[in-house]
Amino acid sequence: MSDLKDKNSFEAVIGLEVHVQLQTKSKVFSPDANKFGSEPNQHIHVISLGHPGSMPKLNKKALEYAIEMGLACHSEIGRYNFFDRKNYFYPDLPKGYQVTQDKTPICKGGYVEIGFDTNTPKKIMLHKIHMEEDAGKLMHVDGKDISAVDYNRAGVPLIEIVTDPMITSSQDAGAFLTEIRKMVRFLGISDGHMEEGSLRCDANVSIRKKGVTTLGNKVEVKNLNSIRYVQKAIEVEIERQTNLTLQGKAIISETRLFDPEKNQTYGMRMKEELNDYRYFPEPDLAPFVVDDIMLEDIRKKMAKLPRQYYDDFTQKYGLPSYDALVITEKRDFAHLFEEAIAHTTCYKQVSNWLMGPIKSYLKENGTSLRKLSLTGAMLADLVNLVEKGTVSYTVACQNIFPEVIKTGKAPHDIAHDMNLVQESDSDVLMPVIQEVLAQNADKVAMYKSGKKGLLGMFMGEVMKKTNGKADPKLTNQLLVESLA
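Here we summarise the structure given alongside this text. (Residues numbered from 1 in each chain as written. Predicted model: local features only at pLDDT ≥ 70, side-chain atom pairs only at ≥ 80, totals over all residues. Heavy atoms only, no water.)

### So, the layout of surface pockets
Then step 1. If you add up the space inside the second largest pocket, you get close to 590 Å³.
Then step 2. Those elements that place two or more of their residues in the lining of the second largest pocket are α3 (170-187), α8 (331-340) and α9 (347-365).
Then step 3. When the residues that make up the lining of the second largest pocket are grouped by side-chain class, the tally is five nonpolar, six polar and 10 charged. (1 Å grid on protein atoms, 1.4 Å probe; cavity = no way out; pocket = protein on both sides within 12 Å on 5 of 7 lines; lining within 4 Å. Points joined across faces, edges and corners; volume = space filled by probe spheres on them. Helix = DSSP H or I, 4+ residues; strand = E, 2+ residues; numbered from the N terminus. Nonpolar A, V, L, I, M, F, W, Y, C, P; charged D, E, K, R; others polar.)

### Brief notes about α9
Each turn of an α-helix holds 3.6 residues, which means side chains three or four residues apart point in the same direction.
Then step 1. For α9, built from 19 residues, the straight-helix expectation of 27 Å at 1.5 Å per residue is met to within 8% by its first-to-last C-alpha distance of 26 Å.
Then step 2. Its axis deflected by about 35 degrees at I358, α9 carries its strongest bend there.
Then step 3. Among the residues of α9, those classed as buried are V350, S351, W353, L354, P357, I358 and L362.
Then step 4. Residues of α9 that are buried in the fold lie against α7 (321-327), α8, α10 (376-387) and α11 (393-407).
Then step 5. Following α9 by one or two positions, G366 has its phi on the positive side, about 55 degrees. (Expected span 1.5 Å × (residues − 1). Bend = angle between axes of the 7 residues up to and from the residue. Buried < 20%, exposed > 50% of the residue type's maximum accessible area, 1.4 Å probe, protein only. Contact = heavy atoms within 4.5 Å.)

### Some details on the nonpolar core
Then step 1. Of all hydrophobic cores here, the largest spans 62 residues; its most connected members are L16, V18, I67, M69, I159, I161 and F176.
Then step 2. With eight residues, helix α2 (residues 60-72) is the single largest residue contributor to this core.
Then step 3. If we skip the residues at most four places from it in the chain, F176 touches L16, V18, V112, I114, I124, L126, I161 and T163.
Then step 4. Formed by 40 residues, the second largest nonpolar core is a distinct cluster that contains A334, L379, L385 and V395. (Core = buried A, V, L, I, M, F, W, Y, C linked by side-chain atoms within 4.5 Å.)

### Thoughts on the environment of F186
Then step 1. Note that F186 resides in helix α3.
Then step 2. Residues F186 and L305, spaced 119 residues apart in sequence, show a C-alpha to C-alpha distance of 6.0 Å.
Then step 3. Those residues in contact with F186, other than ones at most four positions away along the chain, are A303, K304, L305, P306, Y309, T328, E329, K330, R331 and A334.

Here is the structure:
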């Protein structure tokens, strides 16, 4: 018990460094393609390889994307900017230096809000967002004492989002990363695929006694490629540092890697107090200015953010918070909802379709909304058919929806072509109900003696005789009246 009490006397202080690959067609300073998944060393150029005499040129789209992220994060946009050379040697860095921003980050300060759907929202404060180029990738050859280098990634545009050291738990770190990934996807500046390396995270973790304001020795856990691994690595590192401190051992400031199979971190290299990167302004790239006209143009063209969708869905359209969170997990879902409600006022029903049949179909078939022929107008048509009683929900889900996906035809046309329109005429339904009751006289007696559960059996028989076209609500009402 005392051990637990001792552990609870410490608190964690976490800062994150998030690298986001920008989804431009070409690299940040050269014309070679920015493309994932190709054979090694297919997308290379004399500029990205640092050949003598080659002259880089800034990709304007990468700059615009970086500014969009800064605006989304409420950052101050740097107006006068230049790039720096960060000098260090590593085999996957072909030039022997990385072009980055040291003195003039494109975005300063700002914050990302997490937990805005709860009673305790938090603002994770940012230190900066800066632009830089990615390095290549070392490919370790199984069974051999060599590593190959793939330079396809060298020169790919990156933004690095650096938080203040203020995160206190793995849960908040995970929530922050989840929000960042949603934001870059909704903005369309990155696909955010951590498993492909287009979004990567390093976590700086330290502990200190509660009430102490100075920071403890920082340990950096690098190359975490999933949100779950980021959370697990932070938890493991907090536990490790706490145990060492309780044993009277010093925390060594170092870089560590996380092994998810063993659920532990291990040392990679010692961290120096001050890395001698010998920064100096990149002489081959001219300084650039972000003026008011450019900034306003970017602001006007920015896509809607997840938080804006969430607020609209809950406040304008009355969706429950849970529904709004689910729908805003993916940009395509939010877009489809907005398109659909332009054709119907049944907002909650549209949400139910998105979270139910549509989401299930995508999961079962391993596909995405982009690959379907389903439009907002079609989804609204499905909803309206059910709400007006033209077809039952079951028929809409099981018969019409699959046909919409298969053919791209309008739901109301499919309903009529397949003879699925519900029978809502009591004069037509009553003879069928009387026939079912006459054929099941013993069950009628049992129902009248108190076995009310038999109503479902009678309903099923009527549905069989009408090929599922009987209006369930009207049929139920007529059955209850006939059995009274």
